[in-house]
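# Results of the structural survey
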Amino acid sequence: MASQIRPLGELIDEATTAFEKRFGSKPTIGARAPGRVNLIGEHTDYNDGFVFPMALPMVTVIVGNPTTSGVCRVETLSVSTDEPWYTEFSVDDIKPGKPKWCNYVKGVAAQMPGKLTSFDAVIVSSVPLGGGVSSSASVEVATYTFLEQICAEGADIPLIEKILKCQKAEHVFAGMPCGIMDQFISMMGKEGHALLIDCRSQIGRLVPMSNPDVVVLVTNSNVKHELTGSEYPTRRKQCETAAKVLGVTSLRDATELDLEAKKGEVDKETFCRVRHVITEIKRTDQASAALEMGDYERFGDYMVASHNSLRDDYEVSCKELDQLVEFALEMKDEGVYGSRMTGGGFGGCTVTLLKASAVDKVIKHMDTKYTASGRKATFFVCPPSDGASYLDLPA
C-alpha cells in the first residue's frame, strides 16, 4: 500500500513543540516549501534546456523567531547521520562547515539582501532525504521564505532573484553546481499543475494535471546518494566542454546532426553524455505537449525513453532504479503509462504515471518483486502541490 504523507499540521506541531523545548518560547514565524519530482527532463537544466517538474505534498517546515544575540541557533528534527542535529553560527561570519545539513541554511542566510538579524529556528521535513526529490532545495526555499519575514529587503525582490539566491546557496555552501529547476519549482509550484521550465529564459509555464483518473506514483528505492562526489560535476564539465567543441553556447543549441558531425572530436563517453542531453531536451518539450493534450500513452513512452537514455548514455541510474522501472512497466496492461528514474541519479526515486484504479495492484507487484531482490521500497501517491508559503502559527 502507498505510505501516508505526513499532514502539514502534524509537522508544524512537532516543530513548534521542539522549538519551545529547545528555546523556551513559542515561535512566531513559520514557512514551508515542498520537494519536487521531475516528470521528465533530467540533467538538462544546467544545459539551458527544458525540465518538467511538479511540487510534492512532502514539505520542509521551519519555525522560529528573530533574536538580537548575533548568534543563529538551529535544530533539525529530520534525523540523518550528519550529526549534531543542533548547531550555532554567528550572523556576522557565515561560513560553510559541519554539520553539513546546516550549510543549506547558512548558504541562504549568507545570500539574504540587506542586514540580516540573528534567529532561532527548528526544521522538520517530510521530504525523503537523499531520495532525488530535492530535500535540499526544500530546505533552502523554506529558509528563504522564513528569513524574508524578518529581513524586509529579502521580500522586496523579484521571485527569480530569490530562486537564484537559493541556487547560489547550494553552489557555494553545499558544493553542488545544480541547475535552477529544484529551487524554481519549490518556490513556484501550483496545486494541480506541473511546470514546464525553460532554464535559459528562466520562465515557467503551468500545465494542468487535473484528470482524477491519472496519478503520479513516487517510489523511493531507499538507496541513498550523495552527489557532491565527482559524478555530477564531471558530467556537467563534460557538457560544457562538448558545447565548446560543437561551437554553441550551451547544448540547448546543439542537434543530433551537430553531434554526429563532431563525433571524431569527442571521446565515446562524452558523445553519449551529450546525446542524452540533446535528446532529453527535445523529449521534455514533446512530453509536456503530450501531457497537456491528455495523451498519457505517448507521455509514458517519453518517460521510458528518458530512463533508457539516463541508464545507457548518461549512466546515472543504478540496479535498484532499473529494477523498479522494470517492475512498473511489467504492469502496463494493468494501467501503467510509463516510469523512469527521477532526480540526479545513483539511487533515490522513480516516478510512474498510471491509472488511479491500478495503484494498489501496481504497488503490490512492485513491492513483492523488489522485496524479493533484498530491498524495501516506499511508495507515495503524490498530487501536484503548491510552492512555498508563509505559515500561520498557533498563538
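Residues numbered from 1 in each chain as written. Predicted model: local features only at pLDDT ≥ 70, side-chain atom pairs only at ≥ 80, totals over all residues. Heavy atoms only, no water.

An unreviewed UniProt entry lists the protein chain under the name Galactokinase-like isoform X2, from Biomphalaria glabrata.

Moving on: the UniProt feature "domain: Galactokinase N-terminal" (unreviewed entry) in the protein chain. The feature "domain: Galactokinase N-terminal" (unreviewed entry), as given by UniProt, occupies residues 18-65 in the numbering adopted here. Annotated as residues 18-65, this span is 12% helix and 58% strand, and its ends, taken at the C-alpha atoms, are 13 Å apart. (UniProt positions renumbered as here; feature names shortened; annotations may be inferred. Helix = DSSP H or I, 4+ residues; strand = E, 2+ residues; numbered from the N terminus.)

Mapped onto the secondary structure, L11 falls in helix α1 (residues 8-23). Take L11: its relative accessible area is 0%, and that puts it in the buried class. In this structure, the C-alpha to C-alpha distance between L11 and V223, residues 212 residues apart in sequence, is 25 Å. Excluding anything up to four places from it in sequence, L11 contacts R6, V59, V61, V124, S125 and S126. (Buried < 20%, exposed > 50% of the residue type's maximum accessible area, 1.4 Å probe, protein only. Contact = heavy atoms within 4.5 Å.)

In this section: the UniProt feature "domain: GHMP kinase N-terminal" (unreviewed entry) in the protein chain. Look at the UniProt record and you will see "domain: GHMP kinase N-terminal" (unreviewed entry) annotated at residues 103-190. The span residues 103-190 is 56% helix and 8% strand, and its two end C-alpha atoms sit 28 Å from each other.

So, about helix α7 (residues 231-246). Compared with the 22 Å implied by 1.5 Å per residue over 16 residues, the 23 Å span of α7 between its first and last C-alpha is a close match. For α7, every residue scored as buried is listed here: Y232, R235, R236, Q238, C239, A242, A243 and L246. One side of α7 carries all its buried residues, which in axial view fall inside an arc of 155°. On its buried face, α7 sits against α5 (159-173), α8 (256-261) and α9 (268-292). G247 sits one or two residues past α7 and shows a positive phi near 75°. (Expected span 1.5 Å × (residues − 1). Arc of directions from axis to C-beta.)

Look at helix α2 (residues 101-111) against α5: their axes get within 8 Å of each other, and the N-to-C directions meet at 125°. When the interaxial angle is binned, α2 and α5 end up oblique. Taken as a pair, α2 and α5 cross one another with a handedness that is right-handed. On α5, the residues touching N103, Y104, K106, G107, V108, A110 and Q111 of α2 are K165, K168, A169, E170 and F173. Considering only residue class, the contact of α2 with α5 consists of 5 nonpolar, 3 polar and 4 charged. (Axes fitted to C-alpha atoms, helices over the stretch in contact; angles between N-to-C directions. Parallel < 35°, antiparallel > 145°, perpendicular 65-115°, else oblique. Left-handed = near helix turned anticlockwise from the far one by under 90°. Nonpolar A, V, L, I, M, F, W, Y, C, P; charged D, E, K, R; others polar.)

The next thing to look at is helix α6 (residues 181-188). Among the 8 residues in α6, 7 count as buried, and that is most of the element. Three or more residues of α6 are buried, namely M181, D182, Q183, F184, I185, S186 and M187.

In this section: the side chain of Q111. You can see Q111 is positioned in helix α2. For Q111, a relative accessible area of 12% puts it in the buried group. Leave out the neighbours within four places in its chain, and Q111 touches K165, K168 and A169.

Another aspect to go through is the packing of aromatic side chains. Under the counting rule described, the total for this entry stands at 7 aromatic pairs. Considering the side-chain rings of F19 and F23, the 4.7 Å spacing of their centres and the 50° angle between planes classify their relative orientation as tilted. Here the residue F19 and the residue F23 both occupy positions in helix α1, the gap between them amounting to 4 residues, near one helical turn. For the pair F52 and F299, a centre-to-centre distance of 6.3 Å together with 65° between the ring planes defines the contact as edge-to-face. Of this pair, F52 sits in strand β2 (residues 50-66) while F299 sits in helix α10 (residues 296-312), placing them 247 residues apart in sequence. Like F52, the residue F299 is buried in the burial classification. The cationic tip of R252 hangs over the ring face of F50; the distance from NZ or CZ to the ring centre is 4.4 Å. (Phe/Tyr/Trp six-rings, centres within 6.5 Å; stacked < 30°, edge-to-face > 60°. Lys NZ or Arg CZ within 6 Å of the ring centre and 35° of its normal.)

Before going further, it helps to examine the nonpolar core. L39, F52, M54, F299 and L353 are the most contacted members of the largest nonpolar core, which totals 54 residues. With 8 residues, α9 is the single largest residue contributor to this core. The residues that make up this core include at least three from each of domain 1 (8-207 + 385-390) and domain 2 (210-382). Here M54 is in contact with G35, R36, V37, L39, I185, H193, A194, M209, V216, C382, P383 and P384, once residues within four sequence places are set aside. I29, V141, F173 and I185 belong to the second-largest nonpolar core, a separate cluster that totals 42 residues. (Core = buried A, V, L, I, M, F, W, Y, C linked by side-chain atoms within 4.5 Å. Domains from an automatic or database assignment.)

A few words on the sheet that holds strand β9 (residues 336-342). Within the open sheet, the 4 strands sit side by side as β9-β10-β8-β11. Their pairing is antiparallel. Sheet topology places β9 and β11 (378-381) at the edges, where each strand pairs with a single neighbour. Averaged over all adjacent pairs, the angle separating strand axes in this sheet is 20°, with direction ignored. Pairing between β9 and strand β10 (residues 349-355): 6 bridges, direction antiparallel. Across the sheet, the residue bridging to M341 is T350, located in β10. Relative to the sheet, helix α11 (residues 319-329) contacts β8 (214-220), β9 and β10, its axis offset from that of β9 by approximately 175°. (Pairing = 2+ DSSP bridges.)

Moving on to the pattern of salt bridges. This structure, assessed with the given rule, holds 29 salt bridges. Notably, a salt bridge pairs R236 with E240, separated by 3.5 Å at the nearest N-O pair. You can see R236 and its partner E240 sitting in helix α7, 4 residues apart, about one turn around the helix. The partly exposed category is assigned to E240, whose relative accessible area is 38%. The salt bridge involving K262 is made with E265; its shortest N-O contact spans 3.6 Å. Residue classification places E265 among the exposed positions, given a relative accessible area of 52%. (Salt bridge = Lys/Arg side-chain N within 4 Å of Asp/Glu carboxyl O.)

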